Structure formats: structure tokens, C-alpha cells
Amino acid sequence: MSSVATVLDGKALAGRIREDLARLVAQRPLGSRPPCLAVVQVGEVAASTVYVRNKHRACEQAGFDSRSIHLPETLSEGEVAAHVAVLSADPGVDGILVQLPLPSHMDPHVVLAGLAPSKDVDGLLPLNIGNLVLGLPGPRACTPAGIMRLLRHHDVPLAGTRAVVLGRSAIVGKPLAALLVEADATVTVAHSRSRDLADLTRHAELLVVAVGRPLLVTAEMVRPGAAVVDVGINRVPDGSVVGDVHPEVAHVAGWLTPVPGGVGPMTIAALLENTWQSYVTRLGSSPP
Ligand code: GUN
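The text that follows walks through the structure, step by step, so that each part is easy to find. Sequence positions are assigned chain by chain, starting from 1 and proceeding in written order. Predicted model: local features are reported for residues with pLDDT of at least 70 only, side-chain atom pairs are reported and counted for 80 or more only, and whole-chain, interface and lining totals are derived from all residues. Based on all heavy atoms of the structure, the side-chain values leave hydrogens and waters out of the count.

The rule for a salt bridge is simple: a side-chain nitrogen of Lys or Arg has to be within 4 Å of a carboxyl oxygen of Asp or Glu. Scanning all chains against the criterion turns up five salt bridges. The salt bridge involving Asp90 is made with Arg67; its shortest N-O contact spans 2.9 Å. Highlighted residues: Asp90 in the loop between helix H3 (77-89) and strand S4 (95-98) and Arg67 in strand S3 (residues 65-71), separated in sequence by 23 residues. Three labels apply to residues, based on accessible area from a 1.4 Å probe with only protein chains included: buried if under 20% of the type maximum, exposed if over 50%, partly exposed otherwise in between. Judged by its relative accessible area of 22%, Asp90 falls in the partly exposed class. According to the relative accessible area criterion, Arg67 is partly exposed, its value standing at 33%. Between Arg282 and Asp94 there is a salt bridge, with the nearest N and O atoms lying 3.4 Å from each other. Within this pair, whereas Arg282 is found in helix H9 (residues 263-285), its partner Asp94 is found in the loop between H3 and S4, the two being separated by 188 residues in sequence. On the basis of relative accessible area, Asp94 is assigned to the buried category, the value being 0%. A run of DSSP states H or I qualifies as a helix once it reaches four residues; a run of E qualifies as a strand once it reaches two. Both are numbered from the N-terminal end.

And the structure:
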């Protein structure tokens, strides 16, 4: 096959979303504070440091305030939860993101117990997952929200289509499956214990890959004309970054997200949107 998939350019769309938000922030009432995102990082995971820096930079460019809370991994999960609880009670903070993964001795559920649901801009608390599954309002997990925005922007068909999500994480696979069901797709979630992976993926009209295995999905695993979304960001030994999907898939798929420049920038745009939404809701209930 010689055709080449339409590029689902997340970088371009995210740039526009961020510009729109920057305009809204600049137009806020005179004397009011801008939206504020607090990012909590625990310990020293190198990749997390890069992601956290990107989030602060995105906040700055959109005119948001951001706070960085970098805690040592020697703290107990209760002590980290207490820091999160202080931010939850702070009227000057609209969104709180606890960067994952946490150090292995910390249970994320214990750490997040201190997080106010209205400030959960990652949409990870049980209450917000419940709202998502029930189709009720509330913050949606950023990567799934960004993927849906990108697919809709490019008019990728969703209703009635066969969607396969590879990966069942709480932060991508599970919430994305719920959003796709809400969009009337017929959804299969596959994972490391699934049999006959290629047989599943070959039937997918929409294939989302979020497993963290470099170049796992090859051209013969993809249905011609399918929309393929690559959530993987894998640093390989030569220092470059590759996705979970082999670039040769571009010759089979109808749409494909690039890595980098696909899902990653959309995640950050969704984070800013969630923070903006929380800010607007908070403004409505009490002036900042
Ligand atoms: N680590 C990698 N991506 C994310 C994300 O979207 N949110 C959080 N909290 N941690 C992450």
C-alpha cells in the first residue's frame, strides 16, 4: 500500500487550545487572580522532572500561575497526603496534579486521599472516575480527554465503530474506554494477558496503543484505513524517543498520531483546560 495516513497533529491543535486559553486568561476581570495549577512531585524520576517542567512552561505561556511542590521520597505517604490536603484547602489553587509514578513504597490511593475532588485535574479520584463512567460532569483524565479532542477535531468516526484499546491503566486505558463507550464506539480493552492480540487489532477501526512497549504494533497488525493513536513515549538506547507503534503503520492506517507531537501535547492542553474549568467554577462560587 502506498498511501500515507493523515497525521493527527496534536502539537498544532494543542497550540491553538493553549492560545485560546491564554486569551481567556488575559480577558479575566480586572484585579482577579489568574488560574493556578499546583504540581506535586515526589522523589527523582528523571522522566517526571521533564514532564513537570513542561507543565510549568505550558502554564506560564497561557498566563496561569503554577506552583511546584517537590518532596523527598523519604516522606511517608501520609505526609505527602498532608501536603496535598493543604493545597486542597488553599483558595488560591484551582488544580492539583500529583505526578505519577510515585515512589514504589507509596500507595497512590493513600496519597490522593487528601485531594479535593473539584481540584483533581487528572480526573483520577474514585468520585471523578464514577462521574466519568456515569457520563456525569467532572474532570476527565488528561490523556484520554486530549485523545478524544484530537479525534473529534479530525472528524474520525467514533459512533458504531470497533475500537480497541491496548492497555488498561487507570490513567489512560480505563478512562479512555469509558469515553469511547460514551461516544457510542464498541470498545474492547486488551492487555498483557490478552490472547491473539493481532487478531483483535486487525479488526479495529480505531486502535489506541498505551502499553509502553517500543514499536509493539506493526503494519500487519493494523486494519487498512484504521485510525491509530499512539500513546507511547519510549526512550530507546540510541537516545531517541519512539512510540508503541511502528512508523511503517503510516502506510496502512487512515489516520496516525506522530510521536513526538501527537498525544503528548494534547495531554498538557487538556490539563490546562481542566484547570481553567475548575477556576471558572470556583470564580462562580466565590470571587478570587
Ligand atoms: N505521569 C505521566 N503522565 C501523567 C499524567 O497525565 N498525570 C500524572 N499525574 N502523572 C503522569
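Next up on the list: the packing of helix H6 (residues 142-153) against helix H7 (residues 173-182). Axis definition: a line fit to C-alpha positions, over the contact stretch in the case of helices; interaxial angles, taken between N-to-C directions, run 0 to 180 degrees. As a packed pair, H6 and H7 sit with axes 8 Å apart at the nearest point and diverge in direction by 35°. You can see that H6 and H7 cross each other, and the crossing is right-handed. The residues of H7 that touch H6, namely those facing Pro144, Ala145, Ile147 and Met148, are Pro175, Leu176, Leu179 and Leu180. Residues that form the contact of H6 with H7 fall into these classes: eight nonpolar, no polar and no charged. The hand of a helix crossing depends on one turn: near helix anticlockwise from the far one by less than a right angle means left-handed, and clockwise means right-handed. Contacts were defined at the residue level, with two residues in contact if any of their heavy atoms lie within 4.5 Å. Amino acids are sorted into nonpolar (Ala, Val, Leu, Ile, Met, Phe, Trp, Tyr, Cys and Pro), charged (Asp, Glu, Lys and Arg) and polar (every other residue, Gly among them).

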